[in-house]
Amino acid sequence: MSALEERLVSLNTPFIELDKLLKREDLVSSGGEARYLISEGLVEVNGQVETRKRKKLYTGDIVVFAGFRLEVIGTEDVEQEVHGSSHPSP
């Protein structure tokens, strides 16, 4: 079994729907393809097979599909990663 390619996926909204995430990350060529693959049980969310095409994903959710592991993070998480801790050093 090969290792999954990991990606951080940042949100600037409270959530993203599963089919839209796969499309946005260029893992599928169309929304229709995303919906079909999800309905066939080929996508996992947080370790469980997910067949709801419009499942809402929030910060902290993990999606596994086609050799990729996507971790959903919020924009505040991106800020901390880029600038380090949000607390100034003494």
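Computed from a predicted model, the values in this text were never measured in an experiment. What you see as residue numbers is a count from 1 along each chain, following the sequence as written. Confidence filtering applies because this is a predicted model: local features only for residues at pLDDT of at least 70, side-chain atom pairs given and counted only at 80 or more, and all residues used for totals across whole chains, interfaces and linings. Values reported for side chains reflect all heavy atoms of the structure, with hydrogen atoms and water molecules removed beforehand.

**Q** Teacher, can you tell me more about the overall build of the protein here?
**A** The secondary structure listing takes helices from DSSP runs of H or I that are at least 4 residues long and strands from runs of E that are at least 2 residues long, numbered from the N terminus. Across its full length, the protein carries three helices and seven strands. Reading the secondary structure of the protein in the N-to-C direction produces β-β-α-α-β-β-β-β-β-α. A 1.4 Å probe rolled over the protein chains alone gives each residue an accessible area, and that area as a share of the maximum for its type sets the label: buried under 20%, exposed over 50%, partly exposed in between. A buried classification covers 30% of the 90 residues belonging to the protein. In this analysis, two residues are considered to be in contact whenever any of their non-hydrogen atoms come within 4.5 Å of each other. Within the protein, contacts between residues at least 6 apart in sequence are counted, and of these 48% link residues at least 24 apart. For the accessible areas, the method is Shrake-Rupley and the probe is 1.4 Å, while residue cover comes only from the protein chains on display. If you sum the accessible surface of the protein, you get close to 5900 Å²; carbon and sulfur atoms cover 50% of it.

**Q** How do you make sense of the environment of Arg-7 when you look at a structure like this?
**A** Here Arg-7 shows up in strand β1 (residues 5–11). Accessibility expressed as a relative area gives 24% for Arg-7, which makes it partly exposed. As for Arg-7 and Val-63, which are separated by 56 residues in sequence, their C-alpha atoms are 9.9 Å apart. With sequence-adjacent residues up to four places away left out, Arg-7 is seen in contact with Glu-25, Leu-27, Phe-68, Arg-69, Leu-70 and Glu-71. A polar contact of 2.9 Å, which involves the side chain of Arg-7, links it to the backbone oxygen of Glu-25. In protein, a polar contact requires one atom able to donate a hydrogen and another able to accept it; more generally it is a pair of N or O atoms within 3.5 Å, and residues adjacent in sequence count only if both atoms are side-chain atoms.

**Q** Teacher, can you tell me more about the side chain of Asp-61 here?
**A** With respect to the helices, strands and loops of the structure, Asp-61 is situated in the loop between β5 (56–57) and β6 (62–65). Only four residue types enter the tally: Lys and Arg on the positive side, Asp and Glu on the negative side; His and the chain ends are excluded. Any carboxyl oxygen of Asp or Glu that lies within 4 Å of a side-chain nitrogen of Lys or Arg is treated as forming a salt bridge with it. Of the side chains with opposite charge, Lys-55 comes closest to the buried, unpaired Asp-61, at an N-O distance of 5.4 Å. In this structure the side chain of Asp-61 is engaged in a polar contact, spanning 2.8 Å, whose partner is the side chain of Asn-46. A distance of 2.7 Å separates a polar atom in the side chain of Asp-61 from the backbone nitrogen of Tyr-58. Those residues in contact with Asp-61, other than ones at most four positions away along the chain, are Asn-46, Lys-56, Leu-70, Glu-71 and Val-72.

**Q** Which parts of the structure should I look at to understand the packing of aromatic side chains?
**A** Any aromatic ring pair is given by two values, namely how distant the centres are and how the planes are angled relative to each other. Between 30 and 60 degrees the pair is tilted, below 30 it is stacked and above 60 it is edge-to-face, where a pair is any two Phe, Tyr or Trp rings, Trp via its six-membered ring, whose centres lie within 6.5 Å. If you walk through the whole model with that rule in mind, you get one aromatic pair. Working rule: Lys NZ or Arg CZ, within 6 Å of ring centre, within 35 degrees of ring normal, means a charge sits over the ring. A cation over a ring is seen here: Lys-56 above Phe-15, with NZ or CZ 4.6 Å from the ring centre.

**Q** Even after reading the chapter, I still don't get the sheet that holds strand β4 (residues 48–49), so can you show me in this structure?
**A** Strand pairing within a sheet occurs via backbone hydrogen bonds; the two strands may be parallel or antiparallel. Overall, mixed pairing links the five strands, which are arranged β1-β7-β6-β3-β4 in an open sheet. Both outer strands of the open sheet, β1 and β4, are each paired with one neighbouring strand and no more. Summarising the sheet, β1 and strand β7 (residues 68–74) pair through seven bridges and their orientation is parallel. When the sheet's bridge partners are listed, Arg-7 is paired in β7 with Leu-70. When DSSP finds two or more bridges between a pair of strands, those strands are recorded as paired.

**Q** Looking at this model, I keep getting lost on the pairing of β6. Mind explaining?
**A** Within a regular strand, side chains alternate between the sheet's two faces. As judged from the two bridges shared by strand β3 (residues 44–45) and β6, these two strands associate in the antiparallel manner. Bridging across to β6, Glu-44 finds its partner in Val-64. When β6 meets β7, the two strands line up antiparallel, connected through four bridges. The residue of β7 that forms the bridge with Phe-65 is Phe-68. Hairpin geometry of β6 and β7 is characterised by an intervening segment of two residues between the two adjacent antiparallel strands and by a positive phi of about 50° at Ala-66.

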